[in-house]
Amino acid sequence: MDKWLSLLLCMLLLLKAEGVTVPITYVQSAVPKGAVCLDGSPPAYHFHKGFGAGIDNWIVHFEGGGWCNNVTTCLDRRDTRLGSSKKMDTQLSFSGFFSDKQKFNPDFYNWNRIKVRYCDGSSFTGDVEAVDPKTNLHFRGGRIFVAVVEDLLAKGMKNAKNAILSGCSAGGLTSILQCDRFKSLLPTAAKVKCLSDAGYFINVKDVSGAQHIEELYSQVVQTHGSAKNLPPSCTSRLRPGLCFFPQNVAAQISTPIFFVNAAYDSWQIKNILAPGVADPHGTWRECKLDIKNCSPNQLSVMQGFRTDFLKAISVVGNSPPKGMFIDGCYAHCQTGMQETWLRSDSPVVAKTTMAKAVGDWFYDRRSFSQIDCAYPCNPTCHNRVFDQNKLPEV
């Protein structure tokens, strides 16, 4: 027992050494603009100030957390941290890409680092003026995006020399869909780039043959009135729901952008390829919890998913302003965790860590656009293993 307590203490001390705790800030100035969470509460972020040579450099990172696609699912999250700033933790730990330690984050440790909390359910794209008094649901994610950026400009980002719009999962989708808008809101002299972590969701059929994710995205866009905040280069040629898919917008993004993604993205495998609705007998359940549990047939289906993913991301092309780090891991959201961003045992692609790849790309030291070999060839992967009692479905 003493041995386990000592081990736990060591792990906690290591986490403390790697991460810094940052308090919440409520953006009260957003409320008069109608830029509010699902329940009408003010949006929020956690801001760790830069120092030294990084004082005029900014990372604005948008949190993830799936989507709500109708009144029922939005009501389900309205009174949670994903729909109300009243329910959010008041402290967040910053590590990985957000660490303030040079050892753990050599290129960005002294930047201003902001994590914007996710409380609108539309990847910060929604804008519906009307509020139904019966539900009190506010669909205002697009307004939140602009209001948060304006608030940060007033707090010093107007003097930015370098800036990165980043996000993970649904927030990683934000960093794709809002990349050019972010650049337009910043000083023209600033060097602005975007980074999407696990935000490249693809349009594929699920294992039952249904277009589950395409239908979901169409409903999200319809419910939240998102069309007006999606890239016009896409909505001018495709219906708005299809413009929620990065594969239909990435080629037209003019701002430099970098994609970090697992080719076997664990969220996409669980919720796009094999969602519960497509697997009524639960034959995929154990496989989704741990890739080591997958049968040869399931692994074959997942290799097919990887092929579809690589085809979808090929539209990005190989021009140096765009870059990618696509590992062959079963993972999701890797930049914000120290173990996957930069540590002695972090995943590498082409003998390069995520932190080095992103840093080299941002500072134009070298271009980086690498796709890993197929599972299970990369021994450096940190493949996710999920608790069987915590497997949310969309």
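Scroll up a little and you will see the structure.
Residues numbered from 1 in each chain as written. Predicted model: local features only at pLDDT ≥ 70, side-chain atom pairs only at ≥ 80, totals over all residues. Heavy atoms only, no water.

Regarding the overall build of the chain
Working step 1: Looking only at helices and strands, the chain has 12 helices and 12 strands in total.
Working step 2: Relative to its length of 394 residues, the chain is compact, with a C-alpha radius of gyration of 20 Å against a globular reference of 21 Å.
Working step 3: By the burial criterion, 58% of the 394 residues in the chain qualify as buried.
Working step 4: Sequence separation of 24 or more characterises 76% of the internal contacts of the chain that already satisfy a separation of 6 or more.
Working step 5: With the model as given, the accessible surface of the chain reaches about 16,200 Å², and the carbon-plus-sulfur share is 56%.
Working step 6: Charge-centre separation for the chain: the mean point of 42 positive side chains lies 5 Å from the mean point of 34 negative side chains. (Helix = DSSP H or I, 4+ residues; strand = E, 2+ residues; numbered from the N terminus. Rg over C-alpha atoms; globule rule 2.2 N^0.38 Å. Buried < 20%, exposed > 50% of the residue type's maximum accessible area, 1.4 Å probe, protein only. Contact = heavy atoms within 4.5 Å. Areas by Shrake-Rupley, 256 points an atom, 1.4 Å probe, with all protein chains shown as cover. Lys, Arg positive; Asp, Glu negative; His and termini not counted. Charge placed at Lys NZ, Arg CZ, Asp CG, Glu CD.)

A closer look at the pairing of strand β5 (residues 112-116)
Working step 1: Taking burial as the measure, the five residues of β5 include five buried ones, the bulk of the element.
Working step 2: Across the two faces of β5 the burial is the same, with N112, I114 and V116 and R113 and K115 all buried.
Working step 3: Inspection of the sheet shows strand β2 (residues 44-48) paired to β5 by four bridges, in the antiparallel sense. For H46, the partnering residue across the bridge sits in β5 and is K115.
Working step 4: Judged from the five bridges that link them, strand β3 (residues 57-62) and β5 form a sheet pairing that is parallel. (Pairing = 2+ DSSP bridges.)

Here we look at the nonpolar core
Working step 1: Grouped together as the largest cluster of nonpolar side chains are 84 residues, with contacts concentrated most on W67, M157, F182, Y200 and M302.
Working step 2: In terms of residue count, helix α3 (residues 141-154) provides more of this core than any other element does, seven residues in total.
Working step 3: In this structure, W111, L195, W341 and A357 belong to the second largest nonpolar core, which totals 24 residues. (Core = buried A, V, L, I, M, F, W, Y, C linked by side-chain atoms within 4.5 Å.)

Considerations on the sheet that holds strand β7 (residues 191-197)
Working step 1: The strand order across the open sheet formed by 10 strands is β4-β1-β2-β5-β3-β6-β7-β8-β9-β12, and the pairing between neighbours is mixed. Looking at strand neighbours, the two that pair on one side only are β4 (91-94) and β12 (369-371), the edges of this open sheet. Across the sheet, the axes of successive neighbouring strands diverge by a mean angle of 20°, strand direction being ignored.
Working step 2: The strands touched by helix α12 (residues 354-362) within the sheet are β6 (162-168), β7, β8 (257-262) and β9 (322-327), with β8 carrying the most contacts at an inclination of about 165°. (Axes fitted to C-alpha atoms, helices over the stretch in contact; angles between N-to-C directions.)

Observations concerning the pairing of strand β1 (residues 20-26)
Working step 1: In this structure, β1 lies alongside β4, joined through four bridges in antiparallel fashion. Note that in β4 the partner of V20 across the bridge is F94.

Thoughts on the state of the cysteines
Working step 1: For the structure shown, the criterion picks out eight disulfides.
Working step 2: Across a sulfur-sulfur distance of 2.1 Å, C68 and C74 are joined as a disulfide pair. On the sign convention where negative means left-handed, the S-S torsion of about 90° between C68 and C74 marks this disulfide as right-handed.
Working step 3: With its sulfur 2.2 Å from that of its partner, C179 forms a disulfide with C194. Looking along the S-S bond of the C179-C194 disulfide, the torsion reads about 100°, which is the right-handed sense. With C179 in helix α5 (residues 179-185) and C194 in strand β7, this pair connects stretches of sequence that are 15 residues apart. (Disulfide = S-S within 2.5 Å.)

Quick notes on the packing of aromatic side chains
Working step 1: For the structure shown, the criterion picks out 28 aromatic pairs.
Working step 2: Aromatic side chains Y45 and F47 sit 6.4 Å apart centroid to centroid with 65° between the ring planes, which places their arrangement in the edge-to-face category.
Working step 3: The exposure class assigned to Y45 is buried, which follows from its relative accessible area of 0%.
Working step 4: The buried category is assigned to F47, whose relative accessible area is 14%.
Working step 5: Relative to Y363, the ring of F362 lies with its centre 5.2 Å away and its plane at 85°, an arrangement referred to as edge-to-face.
Working step 6: In this structure, K193 is placed above the aromatic ring of W361, and the distance from its NZ or CZ to the ring centre is 4.8 Å.
Working step 7: In this structure, K270 is placed above the aromatic ring of F386, and the distance from its NZ or CZ to the ring centre is 3.5 Å. (Phe/Tyr/Trp six-rings, centres within 6.5 Å; stacked < 30°, edge-to-face > 60°. Lys NZ or Arg CZ within 6 Å of the ring centre and 35° of its normal.)

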